[in-house]
Amino acid sequence: MLTKLKQRIQALMAYEAQLACQIGLTPNLTSALGILAAIASAILYASPQFYPFNLVAASLFLLISGFFDALDGVIARLYGRVTVFGGFLDSMLDRYADALVLTGIILGHYGEVFWGSLALMGSLLVSYSRARAEAAGVKMETIGLAERAERIIIIVIASLLTLIWTKALWWSIVLLAMLTNLTVLQRALYFRKASKKKETTTPVV
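Residues numbered from 1 in each chain as written. Predicted model: local features only at pLDDT ≥ 70, side-chain atom pairs only at ≥ 80, totals over all residues. Heavy atoms only, no water.

## Comments concerning the pattern of salt bridges
Thinking step 1. Counted by the stated rule, this structure contains 7 salt bridges.
Thinking step 2. Asp98 is the partner of Arg95 in a salt bridge, and the nearest nitrogen-oxygen pair spans 3.5 Å. In this pair, Arg95 and Asp98 are both assigned in helix α5 (residues 84-107), 3 residues apart and thus about one turn of the helix distant.
Thinking step 3. Residue class for Asp98 comes out buried when judged on its relative accessible area of 9%.
Thinking step 4. Among the salt bridges present, the one from Asp98 reaches Arg148, with a minimum N-O distance of 2.9 Å. (Salt bridge = Lys/Arg side-chain N within 4 Å of Asp/Glu carboxyl O. Helix = DSSP H or I, 4+ residues; strand = E, 2+ residues; numbered from the N terminus. Buried < 20%, exposed > 50% of the residue type's maximum accessible area, 1.4 Å probe, protein only.)

## Overview of helix α7 (residues 148-161)
Thinking step 1. Between the first and last C-alpha of α7 there are 20 Å, a value that for 14 residues agrees with the 20 Å anticipated at 1.5 Å per step.
Thinking step 2. Among all positions in α7, only Arg148, Glu150, Arg151, Ile152, Ile155, Val156, Ala158 and Ser159 are buried. (Expected span 1.5 Å × (residues − 1).)

## So, the nonpolar core
Thinking step 1. Judged by nonpolar contacts, the single largest core of 24 residues is most densely connected at Tyr45, Leu62, Val101, Ile105, Ile155 and Leu169.
Thinking step 2. Elements with a minimum of two residues in this core: α3 (27-45), α4 (53-78), α5, α7 and α8 (168-201).
Thinking step 3. If you tally residues by element for this core, the top one is α5, at 6 residues.
Thinking step 4. Within the second largest apolar cluster, 9 residues are counted, among which are Ala17, Leu25, Phe68 and Leu71. (Core = buried A, V, L, I, M, F, W, Y, C linked by side-chain atoms within 4.5 Å.)

## What to know about the side chain of Arg187
Thinking step 1. Relative to the assigned elements, Arg187 resides in helix α8.
Thinking step 2. Of the residues examined, Arg187 reaches a relative accessible area of 2% and is grouped as buried.

## So, the packing of α5 against helix α6 (residues 113-135)
Thinking step 1. Close contact between α5 and α6 brings their axes to 10 Å; oriented N to C, the two are set at 170°. Considered as vectors, α5 and α6 are oriented roughly antiparallel to each other. Residue-level contacts link Arg95, Ala99, Leu102 and Ile106 of α5 to Val113, Gly116, Ser117, Ala119, Leu120, Ser123, Leu124 and Ser127 of α6. (Axes fitted to C-alpha atoms, helices over the stretch in contact; angles between N-to-C directions. Parallel < 35°, antiparallel > 145°, perpendicular 65-115°, else oblique. Contact = heavy atoms within 4.5 Å.)

## Remarks on the packing of aromatic side chains
Thinking step 1. With the rule as written, the count across this model stands at 4 aromatic pairs.
Thinking step 2. With a centroid separation of 6.5 Å and an interplanar angle of 35°, the aromatic rings of Phe85 and Phe88 are classed as tilted. In this pair, Phe85 and Phe88 both sit in helix α5, 3 residues apart, roughly one turn of the helix.
Thinking step 3. Sitting over the ring of Trp170, Lys167 keeps its end group 4.9 Å from the ring centre. (Phe/Tyr/Trp six-rings, centres within 6.5 Å; stacked < 30°, edge-to-face > 60°. Lys NZ or Arg CZ within 6 Å of the ring centre and 35° of its normal.)

## Some details on a nonpolar patch on the surface
Thinking step 1. On the surface, Tyr51, Val56, Leu63, Ile153, Ile157, Leu160, Leu161, Leu163, Ile164, Trp165 and Trp171 cluster together to form a nonpolar patch covering roughly 1,100 Å² of accessible area.
Thinking step 2. Counting only elements with at least two residues in the nonpolar patch, the list comes to α4 and α7.
Thinking step 3. Ranked by residues supplied to the nonpolar patch, first place goes to α7 with 4 residues.
Thinking step 4. For Tyr51, the location among the structural elements is in the loop between α3 and α4. (Patch = residues over 30% accessible without salt bridge, like charges linked within 9 Å, V, L, I, M, F, W, Y side chains within 5 Å. Areas by Shrake-Rupley, 256 points an atom, 1.4 Å probe, with all protein chains shown as cover.)

Okay, here's the thing in structure tokens:
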């Protein structure tokens, strides 16, 4: 859902990409900074003894991670540095970031293991379903309710709401568990329909 908005934001990030290049940041290095920010976020979520500072800082680092995730693609496209390995590395690090942050939330007791595990599995399968579908020639971007941008926004908002409502982050994990797996179902149904259409329009040789 927010992927289209993300694309518009990326189109406005040419200045940031220029500054990044001037200080020597490459797309892959930018991706690495994104995963470092995600690690910092996860550690902070897993440190409830520093409440409420940890939630504010964890949210900030999660947003920074998302920013770098958008920036690496802008740098690659604007400066002709798009590579197959770069796309692979970016996607792989994104999955690590998702897993680390959700694990940190669970370890910090902001979510139950059951719902956290469902949210983690759903998040990974949302990405896998897209990769598998696009490998078969079916575009999957923007299909589903809980792509990565939506998941980050939900966690950040819930983290800040936890400062005034202690169960906000807990319920956000329950919500993510449902939305991510619903997104996987949406993509499975979309792929089924699209693949059948391709099969009927492909000429038999």
